[in-house]
Amino acid sequence: MRKLKKIYTLLIVLYPLLSVYSTGIPSLSIADAILIVITLMFFYISQFKIKISCENKAFFLFLLYMIFTFVLQFAFFDASVFSTLRYSLFIISVICLRDLFDFEYGIKVLGYVTVAVSTYVVLQYLSAHYMGRTLPWRIPGLPIMDNNFVAKEQTSYYMTFYRPSGIFYEPTHYAQYCLIYPCYLLFADENMRDKKKWIYIVIIGCGIICSGSSAGLLMIAGIFGFYYMKYICKGKINAQLIILTTIIIIGCFYLINTPELYKIVSKLIAEDGSNVSVSVGYRFNSVINIFSNNRSIFEILFGSGRGSQTEYYTAIFYVIYAHGFVGLVLFLNIFIQVRKQISTDFQKVSLWIILIMTIGSEMIVNFGIMTYFVYILTYRKNISFINLT
């Protein structure tokens, strides 16, 4: 079981990276295949013994709802069997397998990977903008899940609008991967004088800015917003916080005049007199289809099923589209029940940032339901702060 715990821990940390690569079986990534094997091994060893805690009940209730409604959705709305099974597997992993996760080992590996990938994003940016060459984002020779990205690399559009993404499909995917570790650095450790901690945060912040991810910038702003609220509410305004605030303000004034931040802001704010920007429009224009006259009352209440959509939806709207408003209530109940069970600042802030991110990104309706919640639910107060050495 010890080896299985280590493998599962590494899988959770590396899942977003491994999910890029295909096993050769349609729609099955390397990460998915490993998770299936681990799940089968776990159930064989544990003889199907499951702990039903309060937060597990919320996950389990949503899982049952999704399975029961899928039968009708598949019959009438062409819901995807594979997408439903895959998401069910992620939820089962949270319910049954999360005790396999070694938080101390996992957060340390996550720290190394997050800082290393962020450094690579900065190098990709410098190489593209000052040398005219793009550094690879994928391992050559390994088949990837979406071949459209390979074809896109061959076009002039790719270089003209190039944005570094590290070793992920898109900059947003990289930014979402960076969510957990900055929260851990800022809220699991009270020591503001730890220089290494701030170096890591600066590297991650630079990576997100260089990636041009608007969602990533808002995420970092949200994390620091909660960080300041924490110290202001506790009345802990000290010299270190004042110095940090001054550095951030000066840095923001400088960054506002850089083309990188300008690109991010211009994606969020329309400049042509229209009501929405390109980025906001891309994320939210399809929302009106949820209330389309072509959708039945059943679809509005119980959803059209996973994988049946033809347009892009962010997480919160995807839940409404795929699982209906009844499903949305059960989905949000997961956050409510988890919030009742957690007590540390790291857990609370991570949960709030994830909830806020459901409005602008889709990770939580993919493997994020597993990778995010495993970190949150396995952290304990008595775990000493793990720094990178």
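A brief look at the structure comes next. All values derive from a computational prediction rather than experimental measurement. (Residues numbered from 1 in each chain as written. Predicted model: local features only at pLDDT ≥ 70, side-chain atom pairs only at ≥ 80, totals over all residues. Heavy atoms only, no water.)

## Re the overall build of the chain
And then number 1: Of the regular secondary structure elements, the chain holds 18 helices and 0 strands.
And then number 2: By the burial criterion, 50% of the 389 residues in the chain qualify as buried.
And then number 3: Long-range pairs, those at least 24 residues apart, make up 75% of the contacts in the chain with a sequence separation of at least 6.
And then number 4: Carbon and sulfur atoms make up 67% of the accessible area of the chain, which amounts to about 19100 Å² in all. (Helix = DSSP H or I, 4+ residues; strand = E, 2+ residues; numbered from the N terminus. Buried < 20%, exposed > 50% of the residue type's maximum accessible area, 1.4 Å probe, protein only. Contact = heavy atoms within 4.5 Å. Areas by Shrake-Rupley, 256 points an atom, 1.4 Å probe, with all protein chains shown as cover.)

## Here's the deal with the packing of helix α1 (residues 2–18) against helix α2 (residues 30–46)
And then number 1: The N-to-C vectors of α1 and α2 enclose an angle of 155°; their axes lie 10 Å apart at closest approach. Taken together, α1 and α2 sit at an angle that is classed as roughly antiparallel. Between α1 and α2 lies a crossing of left-handed hand. Judged by residue contacts, Leu4, Ile7, Tyr8, Leu11, Tyr15 and Leu18 of α1 engage Ile30, Ala31, Asp32, Ile34, Leu35, Ile38, Met41, Phe42 and Ile45 from α2.
And then number 2: Residues of the contact of α1 with α2, tallied by class, amount to 14 nonpolar, no polar and 1 charged. (Axes fitted to C-alpha atoms, helices over the stretch in contact; angles between N-to-C directions. Parallel < 35°, antiparallel > 145°, perpendicular 65-115°, else oblique. Left-handed = near helix turned anticlockwise from the far one by under 90°. Nonpolar A, V, L, I, M, F, W, Y, C, P; charged D, E, K, R; others polar.)

## Some details on the pattern of salt bridges
And then number 1: Inspection of every chain in the model, using the stated rule, returns 1 salt bridge.
And then number 2: One salt bridge connects Asp32 with Arg86, and the closest N-O pair in it is separated by 2.8 Å. One end of the pair, Asp32, is in helix α2; the other, Arg86, is in helix α4 (residues 81–97), and 54 residues separate them in sequence. Each of the two residues, Asp32 as well as Arg86, counts as buried. (Salt bridge = Lys/Arg side-chain N within 4 Å of Asp/Glu carboxyl O.)

## Focus on the packing of aromatic side chains
And then number 1: Under the counting rule described, the total for this entry stands at 27 aromatic pairs.
And then number 2: When the centroid spacing of 5.6 Å and the interplanar angle of 35° are considered together, the rings of Phe70 and Phe74 count as tilted. Linking Phe70 with Phe74, this pair stays in helix α3 (residues 54–77), spanning 4 residues, or about one helical turn.
And then number 3: We classify Phe74 as partly exposed; its relative accessible area is 45%.
And then number 4: Here Phe331 and Phe335 contribute two aromatic rings whose centre-to-centre distance is 5.6 Å and whose plane-to-plane angle is 65°, an arrangement assigned as edge-to-face. Of this pair, Phe331 and Phe335 both sit in helix α16 (residues 315–341), separated by 4 residues, roughly a single helical turn.
And then number 5: Taking relative accessible area as the criterion, Phe331 reaches 1% and is therefore assigned buried.
And then number 6: Taking the relative accessible area as the measure of exposure, Phe335 reaches 5% and is therefore buried.
And then number 7: Of the aromatic side chains, those joined through ring pairs into one cluster are Phe101, Phe103, Tyr181, Tyr184, Phe346, Tyr375 and Tyr379.
And then number 8: Taking the ring centre of Tyr87 as reference, the NZ or CZ of Arg306 above it sits at 4.0 Å. (Phe/Tyr/Trp six-rings, centres within 6.5 Å; stacked < 30°, edge-to-face > 60°. Lys NZ or Arg CZ within 6 Å of the ring centre and 35° of its normal.)

## Let's talk about unusual backbone geometry
And then number 1: Despite not being glycine, Ser27 has its phi angle at roughly 70°, a positive value.
And then number 2: With respect to the helices and strands, the residue Ser27 is situated in the loop between α1 and α2.
And then number 3: Its relative accessible area of 44% is what places Ser27 among the partly exposed residues.

## Quick look at helix α5 (residues 103–130)
And then number 1: Spanning 28 residues, α5 covers 40 Å between terminal C-alpha atoms, matching the ideal 40 Å at 1.5 Å per step.
And then number 2: Backbone nitrogen of Glu104 and a side-chain oxygen of the N-cap are separated by 3.3 Å at the start of α5; the cap is Asp102.
And then number 3: Where α5 ends, the next residue or the one after it, Gly132, has phi of about 70°, a positive value. (Expected span 1.5 Å × (residues − 1). Polar contact = N/O pair within 3.5 Å; in protein donor to acceptor, adjacent residues only side chain to side chain.)

## Thoughts on empty space enclosed by the protein
And then number 1: Under the counting rule described, the total for this entry stands at 2 cavities of 30 Å³ or more.
And then number 2: Size it by volume and the largest cavity reaches roughly 120 Å³.
And then number 3: What lines the largest cavity is a set of 13 residues, among which Pro16, Gln176, Tyr177, Thr371 and Tyr372 lie closest to the centre.
And then number 4: Elements with a minimum of two residues in the lining of the largest cavity: α1, α8 (171–177) and α18 (368–378).
And then number 5: For the lining of the largest cavity, the per-class residue count stands at 10 nonpolar, 3 polar and no charged.
And then number 6: Volume-wise, the second largest cavity comes out at about 50 Å³.
And then number 7: In this structure, the second largest cavity is lined by Gln176, Leu179, Ala315, Ile354, Met357, Thr358, Ser361, Glu362, Met363, Ile364 and Tyr372.
And then number 8: A class-by-class count of the residues in the lining of the second largest cavity yields 7 nonpolar, 3 polar and 1 charged. (1 Å grid on protein atoms, 1.4 Å probe; cavity = no way out; pocket = protein on both sides within 12 Å on 5 of 7 lines; lining within 4 Å. Points joined across faces, edges and corners; volume = space filled by probe spheres on them.)

## Notes on helix α10 (residues 195–211)
And then number 1: An ideal rise of 1.5 Å per residue puts 24 Å on 17 residues; α10 measures up with 24 Å between its terminal C-alpha atoms.
And then number 2: Among the residues making up α10, those that are buried are Lys197, Trp198, Tyr200, Ile201, Ile204, Gly205, Gly207, Ile208, Ile209, Cys210 and Ser211.
And then number 3: Looking at the residues trailing α10, positive phi occurs at Gly212, about 75°.

## Side note on the packing of helix α11 (residues 214–233) against helix α17 (residues 345–357)
And then number 1: Two elements in contact, α11 and α17, have axes whose closest approach is 10 Å; the angle formed by their N-to-C orientations is 145°. For the pair α11 and α17, the sense of crossing is right-handed. The residues of α17 that touch α11, namely those facing Ala215, Met219, Gly222, Ile223, Phe226 and Lys230, are Asp345, Val349, Trp352, Ile353, Ile356 and Met357.
And then number 2: Residues of the contact of α11 with α17, tallied by class, amount to 9 nonpolar, 1 polar and 2 charged.

## A look at a nonpolar patch on the surface
And then number 1: On the surface, a nonpolar cluster with roughly 530 Å² of combined accessible area is contributed by Met1, Val37, Met41, Tyr44 and Ile45.
And then number 2: By the element assignment, Met41 lies in helix α2.
And then number 3: Of the residues examined, Met41 reaches a relative accessible area of 40% and is grouped as partly exposed. (Patch = residues over 30% accessible without salt bridge, like charges linked within 9 Å, V, L, I, M, F, W, Y side chains within 5 Å.)

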